[in-house]
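Each chain is listed here by its residues.
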Amino acid sequence: MRKIHGQLIEDFRADEASRRIAAALGYDRIRVYPRGSEWVRIELLIGDPLDGEVPAPLAGRGLSVSDVEITIARDELGNPLRQSWVEGPHVCIQGATRSGKSVWCYSALAQLARLDDVLIAGSDLSGLLLGRPYVGTRHHEWQATGSADVEAHRDLLVRLVAEMDTRIRNLPPRRDKFTRFHAGFPLIVVVLEEFAGLLRLASTAPVEKGQPKMREQLLALYGRLVSEGHKAGLR
């Protein structure tokens with residue numbers, strides 16, 4: 001399709017414009033690509049590949065996280081999007097209530113938890129994402145759940161920071177990060193579910209005289225995990 005003078009590709013991609021073009025051409029959706037300075041290429045789509053649930057394939061036992069990509073989404077054409085958890089960055093999941101945050105987390109963690117060289121650790125006030133699903137597994141002792149004991153969440157983060165420090169001290173010569181993992185030295189996926197809620201609870205938690213407030217302790221531990229954890233095999 002040829003652009004008229006002054007038109008930009010964003011004019012075709014705008015929600016209302018793209019819906020009208022798709023309807024006029026008798027298709028459900030379109031995708032628009034630039035083609036030179038005067039033209040745009042329009043790809044016609046039948047149906048909405050993002051409408052409906054996307055099953056997450058579970059990796060087979062015995063595979064390494066270093067060799068597996070985790071399915072995290074589906075693109076506009078319905079193709080799966082996958083991410084290496086070893087090469088990937090830290091992840092922040094946010095959205096409105098009932099937008100699918102927990103379902104996405106269940107899916108990603110279910111894929112990771114089956115790998116022998118991954119440890120699912122972390123803090124969860126509700127105990128729904130962590131806790132009960134992991135009872136009886138190797139992951140459970142590295143998790144703090146529930147709202148009754150804020151110190152337990154703080155102590156878990158202290159333990160994770162200590163593990164991170166040990167790993168950093170033991171980095172091989174001329175290496176600045178770990179990239180290969182095994183059952184005895186797993187990639188640690190640290191889940192901080194409802195961390196803002198934990199901070200609210202911690203703001204009123206008692207501490208020993210002379211100690212920083214519990215909220216400040218949690219923020220300091222979180223900051224260290226985020227800034228230093230990647231090199232030590234923590235995500």
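Residues numbered from 1 in each chain as written. Predicted model: local features only at pLDDT ≥ 70, side-chain atom pairs only at ≥ 80, totals over all residues. Heavy atoms only, no water.

J.: Looking at this model, I keep getting lost on the packing of aromatic side chains. Mind explaining?
T.: Ring pairs (aromatic) are described by centroid distance and by the angle formed between their planes. Taken as a whole and judged by the stated rule, the model has three aromatic pairs. Measuring from centroid to centroid gives 4.7 Å for F178 and F185, while their planes differ by 50 degrees, and the two rings are tilted. Side by side, F178 and F185 carry an identical accessibility label, which is buried. Ring-pair connections join several aromatic residues into one group, and the members of that group are F178, F181 and F185. Positioned above the aromatic ring of W142 is the side chain of R159, whose terminal nitrogen or guanidinium carbon lies 3.6 Å from the ring centre. When the ring centre of F185 is taken as origin, the NZ or CZ atom of R167, which lies over that ring, is 3.9 Å away. (Phe/Tyr/Trp six-rings, centres within 6.5 Å; stacked < 30°, edge-to-face > 60°. Buried < 20%, exposed > 50% of the residue type's maximum accessible area, 1.4 Å probe, protein only. Lys NZ or Arg CZ within 6 Å of the ring centre and 35° of its normal.)

J.: Could you clarify how one ought to interpret the nonpolar core in this entry?
T.: The nonpolar side chains of a soluble globular protein tend to be buried, and buried together. Ranked by size, the top nonpolar core spans 24 residues in total, and within it L157, L160, I188, L218, L225 and L234 carry the most contacts. Those elements that place two or more of their residues in this core are β5 (118-124), α4 (150-169), β7 (187-193), α5 (195-202) and α6 (214-228). No other element matches the six residues that α4 contributes to this core. Among residues more than four places away in sequence, those in contact with L157 are L192, F195, L218, L221 and L225. (Core = buried A, V, L, I, M, F, W, Y, C linked by side-chain atoms within 4.5 Å. Helix = DSSP H or I, 4+ residues; strand = E, 2+ residues; numbered from the N terminus. Contact = heavy atoms within 4.5 Å.)

J.: I'm lost on a nonpolar patch on the surface in this one. Help?
T.: Together, L25, Y27, L44 and I46 make up an exposed nonpolar region whose accessible area comes to about 390 Å². Tracing the sequence through the fold places I46 in the loop between β2 (39-45) and β3 (69-74). (Patch = residues over 30% accessible without salt bridge, like charges linked within 9 Å, V, L, I, M, F, W, Y side chains within 5 Å. Areas by Shrake-Rupley, 256 points an atom, 1.4 Å probe, with all protein chains shown as cover. Salt bridge = Lys/Arg side-chain N within 4 Å of Asp/Glu carboxyl O.)

J.: Would you explain the sheet that holds strand β6 (residues 143-145) in this entry?
T.: Sheet strands line up and pair through hydrogen bonds in the backbone, either parallel or antiparallel. Taken in spatial order, the three strands make up an open sheet running β6-β5-β7, and their pairing is parallel. Of all strands in the sheet, those with a lone pairing partner are β6 and β7, marking the two edges. Shown here is a sheet whose adjacent strand axes are inclined to one another by a mean of 20 degrees, direction ignored. As paired strands, β5 and β7 are joined by seven bridges and run parallel to one another. Among the inter-strand pairings, S123 is bridged to a residue of β7, identified as L192. (Pairing = 2+ DSSP bridges. Axes fitted to C-alpha atoms, helices over the stretch in contact; angles between N-to-C directions.)

J.: Please clarify how the environment of C92 should be interpreted in this entry.
T.: Of note, C92 is situated in the loop between β4 (80-84) and α3 (101-113). On the basis of relative accessible area, C92 is assigned to the exposed category, the value being 65%. Spatially, the C-alpha atoms of C92 and V191 are 9.9 Å apart, while their sequence positions differ by 99 residues.

J.: How should I be thinking about the side chain of R154 in this particular structure?
T.: Among the structural elements, R154 can be located in helix α4. On the basis of relative accessible area, R154 is assigned to the buried category, the value being 15%.

J.: Teacher, can you tell me more about unusual backbone geometry here?
T.: Comment: phi is negative for the bulk of residues other than glycine, and the bulk of peptide bonds are trans. You will see that R174, though not glycine, has its phi angle at about 60 degrees, which is positive. Along the chain, R174 falls in the loop between α4 and β7. Phi at E194 takes a positive value of approximately 55 degrees, unusual for a residue other than glycine. Within the secondary structure, E194 sits in the loop between β7 and α5.

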